[in-house]
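Now for the letters of each chain:
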Amino acid sequence: MPSYFRFAGIAGAVLASGAALTACGSSSSAGSADATATRSANSRVENVTITSANGCQVSSPSLPAGALTFKVTNTDAAAVSEVELQSGDRIVGEKENLPPGFSGSFVVNVDAGTYTLYCPGAAKENTTLTVTGTAGPSSSSSARVLLTSGTKDYAAYVTTQVGYLVSTVKALDAALNGHNLSAAQAAYDKARPYYEKIEPVAESFTVGRNNLDADIDARANDVAPSQWEGFHRIEKGLFEDKSLGGLAPYGAGLLANVKKLQRLTTNLTYQPYELANGAGELLDEVATSKITGEEERYSHIDLLDVEANDEGAEQAFAALQPGLTKIDASLSTTVAERFKALDALVDTYRTDSNPSGFVYYGTLTRADKRTLAAAVTAVQQPLSQVASKVAHA
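Presented here is an overview of the structure given in this document. Given the structure is predicted, the values throughout are model-derived calculations rather than measurements.

Conventions and cut-offs
- Residues numbered from 1 in each chain as written.
- Predicted model: local features only at pLDDT ≥ 70, side-chain atom pairs only at ≥ 80, totals over all residues.
- Heavy atoms only, no water.
- Salt bridge = Lys/Arg side-chain N within 4 Å of Asp/Glu carboxyl O.
- Helix = DSSP H or I, 4+ residues; strand = E, 2+ residues; numbered from the N terminus.
- Buried < 20%, exposed > 50% of the residue type's maximum accessible area, 1.4 Å probe, protein only.
- Pairing = 2+ DSSP bridges.
- Axes fitted to C-alpha atoms, helices over the stretch in contact; angles between N-to-C directions.

## A look at the pattern of salt bridges
- Under the definition given, this model contains 16 salt bridges.
- Between R192 and E196 there is a salt bridge, and its shortest N-O distance comes to 2.6 Å. Placement of the pair is R192 and E196 together in helix 4 (residues 181–203), with a separation of four residues, close to one helical turn.
- Overall, E196 belongs to the buried group, its relative accessible area being 0%.
- Notably, a salt bridge pairs R350 with E307, separated by 3.6 Å at the nearest N-O pair. Note that R350 is positioned in the loop between helix 10 (329–347) and helix 11 (366–383) and E307 in helix 9 (residues 302–327), a separation of 43 residues in sequence.
- Accessibility expressed as a relative area gives 18% for E307, which makes it buried.
- Residues joined in a network through salt bridges with shared partners are R192, E196, D217, R219, D222, E285, K290, E295, E296 and D305.

What follows is the structure in structure tokens.
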């Protein structure tokens, strides 16, 4: 938290150990990969410019239905670092990590209706966009059939993981009401990966400025101290304070929120481009908060989260792979091979010495972090082309 992989799933429709990798997928250098993907699919483009004086501006408030690429440039707005396209209370697409001087893009496939372009922190935060008409005919019906089938497979994967999340959080909640600190710590470790695999789905559920992801997964200082709850508030008590005192209410709240997530994801449908965008942004999550050690500040089980993010991203890609192979077999093979290399590298950090199953973050050397960052970047680069490919199928 936070990451993009905010699957809109409009039902029935729509570190390097440092700054270099943090900007991956959103800087001008990473943006070139986005631009390549855009050109290759000949997508219609909507330019979004963010300035300190005028906020978030679009090239046109009226757009055609179908595949669209939003190219975002932050000229000088220091208070803005992300842009979201929203439909009601759901997020259709988003680009994060856009400080002044950075640019990036995201691809969506939208039906007719009214949408909001939201630039939190900008002088003008909300811009209404109107989408008219209907999407054009599929350019590759066989590919589209395979992609649609893949989104159903991914939906089943999400349902399974959310089910495991609910059951493991129930166990964590029970442990927080007990007296065994070690058992509660182990229960925390066991529950974490199920959320990290499907976190982007939770992030798509917004109501105004509220976010279900924040209720479940906010870190210290992500929200006001009085609003801090969820996994990481529990983590602090278990691993820094080393006490069960006062944690029971947080366990109950976490359980209520994951049950809410389960209700919201039941029968949820997805679009192929959402899986592609999300897979890439889950890897951004690895780059920006896992390799840096910022996610699990007290338990230091960041590598468990890395493995979960990697799996979630790879599952999303795997759901698209048969259809993508019809569209661009070379790209499909490249992404799959680089995921395989990343998987193998992550596996080298497995251990039986602690309940998380991975070495603690503090044991990683600078060389380890650079190697892991390079493997993540190697996947991100070709993966950034997939959303535009599948959005036009």
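After that view of the structure, there is still more to cover.
## Description of the sheet that holds strand 2 (residues 55–58)
- Across the sheet, which stays open at both edges, the four strands sit in the order 2-1-4-7 with mixed pairing between neighbours. The strands lining the two open edges of the sheet, one partner per strand, are strand 2 and strand 7 (103–110). Averaged over neighbouring strand pairs, the angle between their axes works out to 25° when direction is ignored.
- Examined bridge by bridge, strand 1 (residues 44–51) and strand 2 share four bridges and lie antiparallel to one another. Residue T49 lies in a different strand from strand 2, and its bridge partner there is Q57.

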